[in-house]
Amino acid sequence: MLAPIYHVLPLTTIVRERILPVAGKVLAHVDQRVNSTDVVAEANFAREHVLIDVARTFNVSARVADRMIKVNQNDRVTQGALVADAGGLIPRSIRAPRAGRVMVVGGGQVLMEVGDARIELRAGLPGVVTKVIPELGVAIRTAGALVQGVWGNGRIDGGLMTSLIEKQDDVLNADRLDVSLRGSVILGGHVRDADTLRAAAELPVRGLILSSLYSPLLQTAYQMKYPILVLDGFGSLPMNSAAFKLLTTNNKREATVNAEHFDRYSGNRPEVIIPLPVSAEPAEPDDFFHFASGQTVRMRRPPHAGMIGTISTLRPGLTTLPSGLRAPAADVKLENGETVVAPLINLEVVG
């Protein structure tokens, strides 16, 4: 059975595609070195669409209305521009309600997009551009430490990482945030109140890396203008030991927090990247393994969510679980010495 991978790697080669949601203009070029906050592509998109029903307005058939329409597909029109003209002894016309672009003309109707907004696509990680994807984005390559999480608020930034966590189950609160942390990426523990998120915004910080977050705080987290990355889940979960060891040993290094949303279909996950100097480029990480005895795994579901263990036995066939369901399973020895039976679907290989 193929195993999903949870990357916690002290040194690896990281390649990430950065893609616009709509076609636009790519600003970077191949072999260009970029920082995580550099804009590599940009695009304009319409916030709203306006349908002008010429046939209904003039009470004529669609064919007749099409002959009255004075704009064409892809025309850019200003507010008040003539869209359709019925002529006659008493002239009647339709004018554009707002400035915009004509998307479609036909069937006696005109569809316009209005309210242009600009999207700036940031690099998301420091590195070298290795590929330009026309009108959409770039691929960027770098080397360093990589730690992935389970949730992000969709923002990207980077800065000097400062650790405020001493134990895996530490709680981060507003009292621990002072002005000396302004402009830093804070490595914290569990957050249980909105005041902590707001205090971090007031400094401001360049990012929060948390072990866990209370789910009622999700809306507040989305409102923050700095990236928030959750490593282990929602509720009161300690930071898993693999991420704790790697991140705390890289205290006071530059770190990029890419708190993009977890997408199971594309494989994109929120992650922390710590660029490191290398004399020879390390290998790229694998995206999938087959489950096997001896692998280090991370538990994905309660009651052991976030805990790290080792597969001691991969059970043959199907195993009857306490719930009564039968599924492929393994015996996993956790770091606290306890051995549990876990369905493979609830495991991901750390590597």
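Below you will find a few notes about this structure.

Cut-offs applied
- Throughout this description, residue numbers start from 1 for each chain and increase along the sequence as written.
- Per-residue local features are limited, in this predicted model, to residues with pLDDT of at least 70; the limit for side-chain atom pairs, both in listing and counting, is 80 or more; totals at the level of whole chains, interfaces and linings are taken over all residues.
- Each side-chain value is worked out from all heavy atoms of the structure, with water and hydrogens disregarded.
- At least two DSSP bridges between two strands are needed for those strands to be called paired.
- Secondary structure elements follow DSSP: runs of H or I no shorter than four residues count as helices, runs of E no shorter than two count as strands, and numbering proceeds from the N terminus.
- The convention used is that axes are lines fitted to C-alpha atoms, helices contributing only their stretch in contact, and that angles between N-to-C directions extend from 0 to 180 degrees.
- Note on definitions: the grid is 1 Å and covers protein atoms alone; a cavity is a set of points where a 1.4 Å probe fits but cannot get out; a pocket is an open set with protein on both sides within 12 Å along at least five of seven lines; lining residues have an atom within 4 Å of a point.
- Grid points are joined across faces, edges and corners, and a volume is the space filled by probe spheres set on the points.
- The residue classification treats Ala, Val, Leu, Ile, Met, Phe, Trp, Tyr, Cys and Pro as nonpolar and Asp, Glu, Lys and Arg as charged. All others, Gly included, are polar.
- Partly exposed residues are those whose accessible area sits between 20% and 50% of the maximum for their type, while under 20% is buried and over 50% is exposed, using a 1.4 Å probe and protein chains only.
- Within 3.5 Å is the distance limit for a polar contact, defined as a pair of N or O atoms, with the added protein rule that one can donate a hydrogen and the other accept it, and that residues adjacent in sequence qualify only through two side-chain atoms.
- Any Phe, Tyr or Trp ring, taking Trp's six-membered ring, that has another such ring centre within 6.5 Å forms a pair; planes under 30 degrees apart are called stacked, those over 60 apart edge-to-face, and the others tilted.
- We call a charge positioned above a ring when the Lys NZ or Arg CZ atom is no farther than 6 Å from the ring centre and deviates by at most 35 degrees from the ring normal.

Digging into the sheet that holds strand β26 (residues 329-334)
Part 1 of the reasoning: Read from one edge to the other, the open sheet built from seven strands follows the order β21-β1-β28-β22-β23-β26-β27, with strand pairing classed as mixed. Each edge of the open sheet carries a strand with a single partner, namely β21 (288-290) and β27 (339-343). Each strand axis lies, on average, 50° off the axis of its neighbour in the sheet, ignoring direction.

Structural notes on the layout of surface pockets
Part 1 of the reasoning: Computed from the structure, the second largest pocket encloses a volume of approximately 410 Å³.
Part 2 of the reasoning: The wall of the second largest pocket is formed by 15 residues, among which R18, E120, R122, G154 and I156 lie closest to the centre.
Part 3 of the reasoning: Those elements that place two or more of their residues in the lining of the second largest pocket are β2 (8-19), β10 (109-122) and β14 (156-163).
Part 4 of the reasoning: At four residues, the largest contribution of residues to the lining of the second largest pocket is made by β10.
Part 5 of the reasoning: Residue classes in the lining of the second largest pocket are distributed as five nonpolar, three polar and seven charged.

Things to note about the sheet that holds strand β9 (residues 100-106)
Part 1 of the reasoning: Sheet architecture is open: five strands sit in the order β3-β5-β10-β9-β6, paired in antiparallel fashion. A single partner strand is all that each edge strand has here, and the edge strands are β3 (25-26) and β6 (76-77).
Part 2 of the reasoning: Taken together, the two bridges between β6 and β9 define a ladder with antiparallel strand orientation. Bridge pairing in β9 links V77 to G100.

A short note on unusual backbone geometry
Part 1 of the reasoning: For the peptide bond that leads from L203 to P204, omega is -5°, which places it in the cis range.
Part 2 of the reasoning: Structurally, P204 is set in the loop between α3 (194-202) and β17 (207-213).
Part 3 of the reasoning: A cis amide bond links P302 with the next residue in sequence, P303, at an omega value of 10°.
Part 4 of the reasoning: You can see P303 is positioned in the loop between β22 (296-299) and β23 (308-314).
Part 5 of the reasoning: Backbone geometry at D31 places phi at a positive 75°, although glycine is not the residue there.
Part 6 of the reasoning: As for its position among the elements, D31 is in the loop between β3 and β4 (33-34).
Part 7 of the reasoning: Using a relative accessible area of 62% as the deciding quantity, one classes D31 as exposed.

Examining helix α5 (residues 241-248)
Part 1 of the reasoning: Of all eight residues in α5, six are buried, a share of seventy percent or more.
Part 2 of the reasoning: Among all positions in α5, only S241, A242, A243, F244, L246 and L247 are buried.
Part 3 of the reasoning: Looking at where α5 begins, the residue whose side-chain oxygen comes 3.2 Å from the main-chain nitrogen of A242 is N240.

A word on the packing of aromatic side chains
Part 1 of the reasoning: If you walk through the whole model with that rule in mind, you get two aromatic pairs.
Part 2 of the reasoning: Both rings, one in W151 and one in Y222, keep their centres 5.3 Å apart while their planes meet at 75°; by these two values the pair is edge-to-face. Placement of the pair is W151 in strand β13 (residues 151-152) and Y222 in helix α4 (residues 218-223), with a sequence separation of 71 residues.
Part 3 of the reasoning: Look at W151 and you get buried, because its relative accessible area is 10%.
Part 4 of the reasoning: Of the residues examined, Y222 reaches a relative accessible area of 37% and is grouped as partly exposed.
Part 5 of the reasoning: Taken together, a centroid distance of 5.9 Å and an interplanar angle of 70° make the contact between W151 and F234 edge-to-face. On the criterion of sequence distance, the pair formed by W151 in strand β13 and F234 in strand β18 (residues 228-234) is long-range, its members being 83 residues apart.
Part 6 of the reasoning: Directly above the ring of Y6 sits R298, whose terminal nitrogen or CZ lies 4.6 Å from the centroid.

What is shown is where atoms sit, not what they do.
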